[in-house]
Amino acid sequence: MRQPYAEVIGDPIAQSKSPVIHGFWLEKLGIEGRYDRHQVSTEGLADYLAARRADPDWRGCNVTMPHKLAILPLLDRLDPLAEKIGAVNTVVREADGTLTGYNTDAPGFLEPLESRLAETHLFRMARVLGTGGAARAIVAALAERGFVIVLAGRDPDKAQTMLDELTAQDDHHAIHLGHFEAPTDFAFDDREQCFDVIVNASPLGMTGQDALAFDFSHAPPKSVVYDIVTSPRDTAFLQAARAAGFETVDGLAMLIGQADHAFRRFFGAEPPRDAADDAELRARLEA
């Protein structure tokens, strides 16, 4: 029996947890559909999209490394947010077979921070580590919410170019990733009415990747430390942050948040997201 389906593509892709998330929601809602994972190489990306475009049962795909930028010229149109960010993580097949690119990373990243963002702050600053496709969405999202951004990458010129493309103000800063490795004795000001976020938006610390070197003397008091890596869920970066007394957010929070927006577009339904549903989903993801 034919049924609607969506999938996640990348290279590698075996580590993706997206099928668990979408499968859980399909099961909860009783929707006859499926969500798969499909390994697609950079060289095979155009052929993959051509084949899926012709399949009326295919609702679209989520896009992970290394395709978030490479897929742009292969799509028929971009949602305004995806066009601004310059990266796509969700592709939807429209009824006429055209392909539209979206970026759900930005709202997904912000979801676990929304209660804090609803507060009034005198100053907001984010230290973002990484300059890839996910970092583009994160920088754009944080800039839109009034953060001054320090963007760290192995190539500071690339980081500065990203800031110039994604932000309207000129008070942001681009630095080398190594800046945060050595301790600092900088005396941070009173943080009572400030909101500081430190984000690992790079693959560093992911299973099979190099460790992320970060000295937490660079973290202002009461910072929220956020790691978008999902494998392992509890990274060494997050463990060190908690040991230093900081609140942490793991990569599953962003993964579930961005999947929420994609699921609505793929299957035309609102995923079940109450506290009990989210707890059950997390238990499955961590099993």
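Everything numeric in this text was worked out from a predicted model, so none of it was measured.

1. Re the packing of helix H1 (residues 18-29) against helix H9 (residues 251-267)
Consideration 1: Viewed as axis vectors pointing N to C, H1 and H9 meet at an angle of 55°, and their least axial separation amounts to 10 Å. In terms of orientation, H1 lies oblique with respect to H9. In terms of crossing hand, the pair formed by H1 and H9 is right-handed. Of the residues in H9, those in contact with Ser18, Ile21, His22, Trp25, Leu26 and Leu29 of H1 are Leu255, Ile256, Gln258, Ala259, Asp260, Ala262, Phe263, Phe266 and Phe267.
Consideration 2: In terms of residue class, the contact of H1 with H9 is built from 11 nonpolar, three polar and one charged.

2. A word on the layout of surface pockets
Consideration 1: Taken as a whole, the largest pocket holds about 1000 Å³ of empty space.
Consideration 2: As for the largest pocket, its lining consists of 42 residues, and the residues nearest its centre are Thr64, Met65, Lys68, Met206 and Ile228.
Consideration 3: Taken together, the elements giving at least two residues each to the lining of the largest pocket come down to strand E3 (58-63), helix H6 (133-144) and H9.
Consideration 4: At four residues, H9 tops the list of elements feeding residues into the lining of the largest pocket.
Consideration 5: Residue classes in the lining of the largest pocket are distributed as 17 nonpolar, 19 polar and six charged.

3. What about the packing of aromatic side chains?
Aromatic ring pairs are reported here in terms of the distance separating the ring centres and the angle at which the planes meet.
Consideration 1: Enumeration over the complete set of coordinates arrives at 13 aromatic pairs.
Consideration 2: Plain terms: the ring middles of Tyr35 and Phe266 are 6.4 Å apart, the flat faces sit at 40° to each other, and that makes the pair tilted. Residue Tyr35 is located in strand E2 (residues 34-39), and its partner Phe266 is located in helix H9; the two are separated by 231 residues in the primary sequence. When sorted by exposure, Tyr35 lands in the same class as Phe266, which is buried.
Consideration 3: Between Phe266 and Phe267, the aromatic rings sit 6.3 Å apart at their centres with planes inclined by 80°, giving edge-to-face as the arrangement.
Consideration 4: Classification of Phe266 by relative accessible area gives buried; the value is 3%.
Consideration 5: Members of the aromatic cluster, each reached through a chain of ring pairs, are Trp25, Tyr35, Phe263, Phe266 and Phe267.
Consideration 6: Above the ring of Tyr5, the side-chain terminus of Arg34 is found at 4.3 Å from the ring centroid.
Consideration 7: The positively charged end of Arg265 is found above the aromatic ring belonging to Tyr102, 4.0 Å away from the centroid.

4. Considering the sheet that holds strand E9 (residues 173-176)
Strand pairing in a sheet relies on backbone hydrogen bonds, with the paired strands running either antiparallel or parallel.
Consideration 1: In spatial order, the strands read E9-E8-E7-E10-E11-E12; together these six strands make up an open sheet with parallel pairing. Edge positions in the sheet fall to E9 and strand E12 (247-249), since each of these pairs with one other strand and no more. Sheet twist, expressed as the average angle between the axes of neighbouring strands with direction ignored, equals 20°.
Consideration 2: Here strand E10 (residues 194-200) pairs with strand E11 (residues 224-227) via four bridges, running parallel. Residue Asn200 lies in a different strand from E11, and its bridge partner there is Asp227.
Consideration 3: Along the sheet, helix H7 (residues 156-166) contacts strand E8 (148-153) and E9; its crossing angle with E9, the most-contacted strand, is approximately 160°.

5. Re the environment of Phe123
Consideration 1: Along the chain, Phe123 turns up in strand E7 (residues 123-129).
Consideration 2: Accessibility expressed as a relative area gives 32% for Phe123, which makes it partly exposed.
Consideration 3: For the pair Phe123 and Gln193, spaced 70 residues apart in sequence, the C-alpha to C-alpha distance is 7.1 Å.

6. Description of unusual backbone geometry
With glycine set apart, most residues show a phi of negative sign, and most peptide bonds adopt trans.
Consideration 1: Residue Pro12 follows Asp11 across a cis peptide bond; omega there is 10°.
Consideration 2: Within the fold, Pro12 resides in the loop between strand E1 (5-10) and H1.
Consideration 3: Note that the residue after Met65, namely Pro66, is joined by a cis bond; omega there is 5°.
Consideration 4: Turning to its location among the elements, Pro66 is positioned in the loop between E3 and strand E4 (77-78).

7. As for the packing of H6 against H7
Consideration 1: One way to put it is that H6 packs onto H7 with a least axis distance of 10 Å and a crossing angle of 45°. Judged on the interaxial angle alone, H7 and H6 are oblique. Handedness of the crossing formed by H6 with H7: right-handed. Of the residues in H7, those touching H6 at Ala135, Arg136, Val139 and Ala140 are Met162, Leu163, Glu165 and Leu166.
Consideration 2: In the contact of H6 with H7, the residues fall into six nonpolar, no polar and two charged.

8. Considering the sheet that holds E4
Consideration 1: Taken in spatial order, the six strands line up as E2-E1-E3-E5-E6-E4 in an open sheet, and their pairing is mixed. Each edge of the open sheet carries a strand with a single partner, namely E2 and E4.
Consideration 2: Looking at chain direction, E1 and E3 are connected through five bridges and run parallel. Directly across from Ala6, in E3, lies its bridge partner Gly60.
Consideration 3: Across the sheet, H1 lies against E1, E2 and E3, angled at about 165° from E2, the strand it touches most.
Consideration 4: The strands that H9 touches are E1, E2, E3, strand E5 (90-93) and strand E6 (99-102); relative to E3, the one it contacts most, it runs at about 160°.

Cut-offs applied
Counting restarts for each chain, with residues numbered from 1 along the sequence as it is written. This being a predicted model, a pLDDT of at least 70 is required before a residue's local features are given, and a value of 80 or more before pairs of side-chain atoms are given or counted; all residues contribute to the totals for chains, interfaces and linings. Side-chain numbers here rest on the full set of heavy atoms in the structure, without hydrogens or water. Axes here refer to lines fitted to C-alpha atoms; in helices the fit is confined to the stretch in contact. Angles between the N-to-C directions go from 0 to 180 degrees. Runs of E in the DSSP output that reach at least two residues are strands. Runs of H or I that reach at least four are helices, and both are numbered from the N terminus. Each angle receives one of four descriptions, namely roughly parallel if under 35 degrees, roughly antiparallel if over 145, roughly perpendicular if within 65 to 115, and oblique otherwise. Crossing handedness is read from the near helix: turned anticlockwise from the far helix by less than a right angle, it gives a left-handed crossing, and turned clockwise, a right-handed one. Residue contacts follow a heavy-atom distance rule, with two residues in contact if any of their heavy atoms lie within 4.5 Å. Each residue is assigned to one class: nonpolar for Ala, Val, Leu, Ile, Met, Phe, Trp, Tyr, Cys and Pro, charged for Asp, Glu, Lys and Arg, and polar for all the others, Gly among them. Here a cavity denotes a set of grid points, spaced 1 Å apart and computed over the protein atoms alone, in which a 1.4 Å probe fits but from which it cannot get out, and a pocket denotes an open set meeting protein on both sides within 12 Å along at least five of seven lines; residues with an atom within 4 Å of a point are reported as lining. Grid points are joined across faces, edges and corners, and a volume is the space filled by probe spheres set on the points. Aromatic rings from Phe, Tyr and Trp, with only the six-membered ring used for Trp, were paired whenever their centres fell within 6.5 Å, and each pair was classed as stacked if the ring planes differed by under 30 degrees, edge-to-face if by over 60, and tilted otherwise. Each residue is placed in one exposure class: buried if its accessible area under a 1.4 Å probe, protein chains only, is under 20% of its type's maximum, exposed if it is over 50%, and partly exposed if it falls in between. When the NZ atom of lysine or the CZ atom of arginine is within 6 Å of a ring's centre and also within 35 degrees of its normal, the charge is said to sit over that ring. Strands were regarded as paired on the criterion that DSSP finds at least two bridges between them.

Read these as layout, nothing more, since geometry by itself doesn't imply function.
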